[in-house]
Amino acid sequence: MRELAEHALTGDERVVPRRTNAPKHCGWCGRPLPEAGNVGRRRRYCGQSCRQRAYERRTALQRSGLPEDAVVLSDTEIAALQDRLFQLRCAAEDIVTAAADGADATELRQLAGEIAHAAKDLEQLR
């Protein structure tokens, strides 16, 4: 199939496979990265400021002796994360209770939607 596509092209045009393992989000802030071309090094950060913050974090971790993949959170960030996890657990318990009480499919769908929303919110750690 690829041979047919290459034969249909004229001149210097070639079929170039897209990078499927390229990062899709900034390694520092988590924002989506702009769609990149097929030439050069893959982007890891959305801008110079995020790149600099990531460098500062890496060098601070090296000096402290923590492993490079360590995650350091402040007390405020831990408390916020625990609150979001609690909300997710409560939403899951609501579904279990509703199912045990014989809730209809519409109510269960609504509760499942709340869990999906809470889980999506929880994915955003930064």
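One structure accompanies this document, and this report is about it. Counting restarts for each chain: residues are numbered from 1 in the order of the written sequence. The model is predicted, so local features are restricted to residues of pLDDT at least 70 and side-chain atom pairs to those at 80 or more, both for listing and for counting; the totals for chains, interfaces and linings are taken over all residues. The basis for the side-chain values is all heavy atoms of the structure; hydrogens and waters are excluded.

### Observations concerning the overall build of the protein
Here is step 1: On a plain count of helices and strands, the protein comes out with 4 helices and 0 strands.
Here is step 2: Strands here mean DSSP runs of E at least two residues long; helices mean DSSP runs of H or I at least four residues long; both are numbered from the N terminus. In the protein, the order of α-helices and β-strands from amino to carboxyl end is α-α-α-α.
Here is step 3: As displayed, the protein has an accessible area near 10500 Å², and 54% of this comes from carbon and sulfur atoms. To measure how exposed things are, a 1.4 Å probe is used in the Shrake-Rupley method; for residues, cover is taken only from the protein chains shown.

### As for the pattern of salt bridges
Here is step 1: Here a salt bridge means any side-chain nitrogen of Lys or Arg lying within 4 Å of a carboxyl oxygen belonging to Asp or Glu. Inspection of the entire model under this criterion finds 3 salt bridges.
Here is step 2: Across the pair R53 and E56 runs a salt bridge, and its minimum N-O distance is 3.1 Å. Here R53 pairs with E56, and both are found in helix α2 (residues 48-64), just 3 residues apart, close to one helical turn.
Here is step 3: Accessibility here uses a 1.4 Å probe with only protein chains present; expressed as a share of the type maximum, an area under 20% marks a residue as buried, one over 50% as exposed, and anything in between as partly exposed. Since its relative accessible area comes to 35%, R53 is described here as partly exposed.
Here is step 4: Given a relative accessible area of 35%, E56 falls into the partly exposed group.
Here is step 5: With a shortest N-O distance of 2.7 Å, R89 and E93 are connected by a salt bridge. Remark: E93 and R89 occur in helix α3 (residues 75-100); sequence separation between them is 4 residues, near one turn of the helix.

### A closer look at a nonpolar patch on the surface
Here is step 1: Residues enter patches when their relative accessible area tops 30% and they take part in no salt bridge; the joining distance is 9 Å for like charges and 5 Å for the nonpolar side chains Val, Leu, Ile, Met, Phe, Trp and Tyr. Together, V71, L73 and I78 make up an exposed nonpolar region whose accessible area comes to about 250 Å².
Here is step 2: Counting through the fold element by element, I78 comes out in helix α3.

### Concerning the state of the cysteines
Here is step 1: By disulfide we mean two sulfur atoms from cysteines, separated by a distance within 2.5 Å. For the structure on display, the rule yields 0 disulfides.
Here is step 2: Unpaired in this structure, C50 has its nearest cysteine sulfur neighbour in C46, at a distance of 3.6 Å.
Here is step 3: Note on C50: relative accessible area 4%, which makes it buried.

### A look at α3
Here is step 1: Given a rise of 1.5 Å per residue, 26 residues ought to cover 38 Å, and the 37 Å separating the end C-alpha atoms of α3 matches this to within 8%.
Here is step 2: Along α3, the residues classified as buried are R84, A91 and A98.
Here is step 3: In the core, the buried residues of α3 are packed alongside α4 (105-123).
Here is step 4: Just beyond α3, the residue with positive phi is G102, at close to 80°. To estimate the expected span of a helix, count its residues, drop one, and scale the result by 1.5 Å. In this analysis, two residues are considered to be in contact whenever any of their non-hydrogen atoms come within 4.5 Å of each other.

### Side note on the packing of α3 against α4
Two quantities define a packed helix pair, namely the angle between the helix axes and the distance between the axes.
Here is step 1: All axes here are fitted lines through C-alpha atoms, helices being fitted over the stretch that makes contact, and every angle between N-to-C directions spans 0 to 180 degrees. Interhelical geometry of α3 versus α4 gives an angle of 165° and a closest axis separation of 9 Å. Viewed along their axes, α3 and α4 adopt a mutual orientation that is roughly antiparallel. Considering how the two elements wind past one another, α3 and α4 form a crossing that is left-handed. Here α3 contributes L81, R84, L85, L88, A91, A92, D94, I95, A98 and A99 to the contact with α4, which in turn contributes E107, L108, L111, A112, I115, A118, A119, D121 and L122.
Here is step 2: Tallied by class, residues from the contact of α3 with α4 come to 15 nonpolar, no polar and 4 charged. Here roughly perpendicular refers to angles of 65 to 115 degrees, roughly parallel to angles under 35, roughly antiparallel to angles over 145, and oblique to all remaining angles. Crossing handedness follows the turn of the near helix against the far one: under a right angle anticlockwise gives a left-handed crossing, and clockwise gives a right-handed one. Polar here means any residue outside two lists: the nonpolar Ala, Val, Leu, Ile, Met, Phe, Trp, Tyr, Cys and Pro, and the charged Asp, Glu, Lys and Arg; Gly therefore counts as polar.

Distances and angles like these do not, on their own, reveal function.
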